[in-house]
Amino acid sequence: MSSAVEESNRRLLRARDAMDRDYAKTLDVPTLARIAYVSEAHFIRTFRATFGETPHRYLQRRRVERAMFLLRETDSSVSEICLEVGFTSLGTFGRTFREIVGEAPTAYRERAADLRAVPACFAMAWTRPSSFGEAGRSGLG
Amino acid sequence: MLKQITHSQVYVLDQDEALDFYVGKLGLEVNTDADLGFMRWLTVNVPGDPDHQLLLEKPGPPAHDEATAEQIRELVTKGAMGMAGILTVDDIQKTYKELLAKGVEFTEEPTERFYGTDCGLRDPFGNYLRIGEPKEGPIEVPDPAQLAENT
């Protein structure tokens, strides 16, 4: 690897992979910055410049994507799902879910269709709610 | 009539480092390593399966101007170039342990799914790969509740 940008990208990708993998755990900025070998302030700034959103937002979308999946495919209650995907407060979960998906978890559940089986990595990438301005237009990804 | 896919390609930042990983760690073997003058044609394949080669291509001139090559390298390192491939093994737990001991960077440990047990990993540059142990026999797509238990 050559340039500083490439080195930085690769380390940030490692931190992003950790969010994809360990979304249900407590993942704070210090933990993630350590994975990326940078200071906390630098981590947030460069992550955003590299991936287009803050690490906090990325983690929220990963958790909401998992919640959408569980709402579609299980009978677990909304509060069970909230805890299972890493949120600690039902209020924050509901607010974040509405903000990203455009409707409440229960409303989404009623509307959601069955996702056809594809390799999990693609399902993960395709059904992750986008935060790039489309929220509210589509809930099913 | 098309017959088969014989080559697929992945961008690597350094071909020697790519060999260390794809051959030295993953256990693929070199199929062709030829200096064509304008490029080093470097392909690897699964031992015993030379009919599907993976081209380890370094972005750069003459195929790409330096600015374009730089963009490709940046996309590779941020994991945005897609998947290099899905490989299969007989015993995924054994392979996982062996590769982990060699320092391979896993994004996901082996997880059981309706189609088999598989895991996710990255090459040194950021490319994504999956290795799995497919389930034998006809695969039944599970009902949604079963699907949820193991994703």
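What counts, and at which threshold
Residues numbered from 1 in each chain as written. Chains lettered and ligands numbered in written order. Predicted model: local features only at pLDDT ≥ 70, side-chain atom pairs only at ≥ 80, totals over all residues. Core = buried A, V, L, I, M, F, W, Y, C linked by C-beta atoms within 7 Å. Buried ≥ 20, exposed ≤ 12 C-beta atoms within 10 Å, placed from the backbone. Helix = DSSP H or I, 4+ residues; strand = E, 2+ residues; numbered from the N terminus. Contact = placed C-beta atoms within 7 Å. pLDDT = per-residue confidence, 0-100. Pairing = 2+ DSSP bridges. Axes fitted to C-alpha atoms, helices over the stretch in contact; angles between N-to-C directions. Arc of directions from axis to C-beta. Domains from an automatic or database assignment. Nonpolar A, V, L, I, M, F, W, Y, C, P; charged D, E, K, R; others polar.

**Description of the nonpolar core**
Nonpolar side chains in soluble globular proteins tend to end up buried together.
Working step 1: One finds Val10(B), Val12(B), Tyr22(B) and Leu56(B) to be the most contacted residues of the largest nonpolar core, which totals 23 residues.
Working step 2: For this core, the secondary structure elements donating two or more residues are strand 1 (7–11), helix 1 (15–25), strand 3 (40–46), strand 4 (49–57), helix 3 (92–101), strand 7 (116–122) and strand 8 (128–134) of chain B.
Working step 3: Those residues in contact with Tyr22(B) that sit more than four places away from it in its chain are Leu28(B), Val44(B) and Leu56(B).
Working step 4: Counting residues in each nonpolar core, the second largest holds 15 residues, with Leu70(A), Phe87(A), Ile100(A) and Val101(A) among its members.

**Re the confidence of the model for chain B**
Working step 1: Within chain B, residue pLDDT values average 93, and 94% of them lie at 70 or more.
Working step 2: Predicted complex, confidence summary: ipTM 0.88, pTM 0.84.

**What about the sheet that holds strand 6 (residues 105–113) of chain B?**
Residue and element names in this part refer to chain B.
Working step 1: In spatial order, the strands read 5-8-7-6; together these four strands make up an open sheet with mixed pairing. Two strands bound the open sheet, and with one partner strand each, they are strand 5 (83–88) and strand 6. Taken pair by pair, the neighbouring strands of this sheet meet at an average axis angle of 15 degrees, ignoring direction.
Working step 2: Relative to strand 8, strand 7 is paired through seven bridges, and the arrangement is antiparallel. Bridge pairing links Asp118 to Gly132 in strand 8.

**Quick word on the sheet that holds strand 4 of chain B**
Residues and elements named next belong to chain B.
Working step 1: As summarised here, the arrangement of the four strands in space is 1-4-3-2, forming an open sheet in which the pairing is mixed. Unpaired on one side and paired on the other, strand 1 and strand 2 (29–35) mark the two borders of the sheet. Between one strand axis and the next, the sheet turns by 25 degrees as a mean value, whatever way the strands run.
Working step 2: In the packing of helix 1 onto the sheet, contacts are made with strand 2, strand 3 and strand 4, and the angle to strand 3 comes to roughly 5 degrees.

**Regarding the environment of Arg11(A)**
Residues and elements named next belong to chain A.
Working step 1: By the secondary structure assignment, Arg11 is in helix 1 (residues 4–21).
Working step 2: Along the primary structure Arg11 and Gly86 are separated by 75 residues, whereas in three dimensions their C-alpha atoms are 23 Å apart.
Working step 3: Excluding residues that lie within four positions of it along the chain, Arg11 makes contacts with Ala36 and Tyr37.

**Description of helix 1 of chain B**
All names here are of chain B.
Working step 1: For helix 1, the full list of buried residues reads Ala18, Phe21 and Tyr22. One face of helix 1 carries all of its buried residues, which in axial projection span an arc of 80 degrees. Of the residues in helix 1, the exposed ones pointing more than 90 degrees away from the buried face are Asp16, Asp20 and Gly24.
Working step 2: Packed against the buried residues of helix 1 are strand 3 and strand 4.

**Here's the deal with the pairing of strand 2 of chain B**
Working step 1: Two elements, strand 2 of chain B and strand 3 of chain B, share six bridges in a ladder whose sense is antiparallel. Residue pairing in the sheet places Thr32(B) in a bridge with Thr43(B) of strand 3 of chain B.

**Comments concerning the domain arrangement of chain A**
Residue and element names in this part refer to chain A.
Working step 1: We note that the domain assignment places domain 1 (4–52) and domain 2 (57–127) within chain A.
Working step 2: Listed per partner, the contact involves eight residues of domain 1 and eight residues of domain 2.
Working step 3: For the side of domain 1 that touches domain 2, the element with the highest residue contribution is helix 1, accounting for three residues.
Working step 4: For the side of domain 1 that touches domain 2, a count of residues per class yields five nonpolar, no polar and three charged.

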